[in-house]
Amino acid sequence: MQSLVSMSFADPTEVREFPHGRLELFDLHGSAVGRFVLEPGWHWSRDVAPLAGTETCQQRHVAYLVSGNLHVSMNDGSYGVVKSGEVIHIEPGHDAWTVGEETVTVLDFADVATYAVDSAALRAAR
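All values reported here derive from a predicted model rather than from experimental measurement.

What about the nonpolar core?
Piece 1. Counting 23 residues, the largest nonpolar core has Phe18, Phe36, Trp42, Leu70 and Tyr115 as the members making the most contacts within it.
Piece 2. Those elements that place two or more of their residues in this core are strand E2 (21-28), strand E3 (31-38), strand E4 (61-67), strand E5 (69-74), strand E7 (87-90) and strand E9 (104-108).

In structure tokens:
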């Protein structure tokens, strides 16, 4: 295995599109980095939940918000708005949506390899 791997953000390994957004995945030989591009109007429970097959997002996120504002609502009732320039750690069990008219861009360093994968297709493949 190579001890140094680099990639350009202009050339993702894979792109997963969903309504109002996409996830660009960068596979660094087993370590995945994701760049989310979420358009105004994106809402996880409407745009990604049908793919995930869950009521709320069950992914953990450790991320940096490059642009825009993102409302995050946790299953326990806590919530907040993450703003451009902030880093976040979000545990599984949440919903999220864009706030305002600016596209949200997020760099995510945790658990992104299985994000926005069609759960029905995964079950059928097993």
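The discussion continues.
With respect to the sheet that holds strand E8 (residues 94-99)
Piece 1. One open sheet accounts for three strands, arranged E6-E5-E8; its pairing is antiparallel. The sheet terminates laterally at strand E6 (79-83) and E8, the two strands that pair on one side only. Going across the sheet, the axis of each strand differs from the next one's by a mean of 20 degrees, ignoring polarity.
Piece 2. For E5 and E6, the ladder comprises five bridges, and the chain directions are antiparallel. Note on E6: the bridge partner recorded for Asn69 is Lys83.

Section: the sheet that holds E9
Piece 1. With respect to topology, six strands assemble into an open sheet ordered E1-E2-E3-E9-E4-E7, the strand pairing being antiparallel. Here the strands that pair on one side only, and so sit at the sheet edges, are strand E1 (14-18) and E7. Strand-to-strand, the axes of this sheet are offset by a mean angle of 25 degrees, without reference to chain direction.
Piece 2. Inspection of the sheet shows E3 paired to E9 by five bridges, in the antiparallel sense. By the bridge assignment for E9, Gly34 is matched with Asp108.

Conventions adopted
Residues numbered from 1 in each chain as written. Predicted model: local features only at pLDDT ≥ 70, side-chain atom pairs only at ≥ 80, totals over all residues. Heavy atoms only, no water. Core = buried A, V, L, I, M, F, W, Y, C linked by side-chain atoms within 4.5 Å. Buried < 20%, exposed > 50% of the residue type's maximum accessible area, 1.4 Å probe, protein only. Helix = DSSP H or I, 4+ residues; strand = E, 2+ residues; numbered from the N terminus. Pairing = 2+ DSSP bridges. Axes fitted to C-alpha atoms, helices over the stretch in contact; angles between N-to-C directions.

The values are spatial; any link to function lies outside them.
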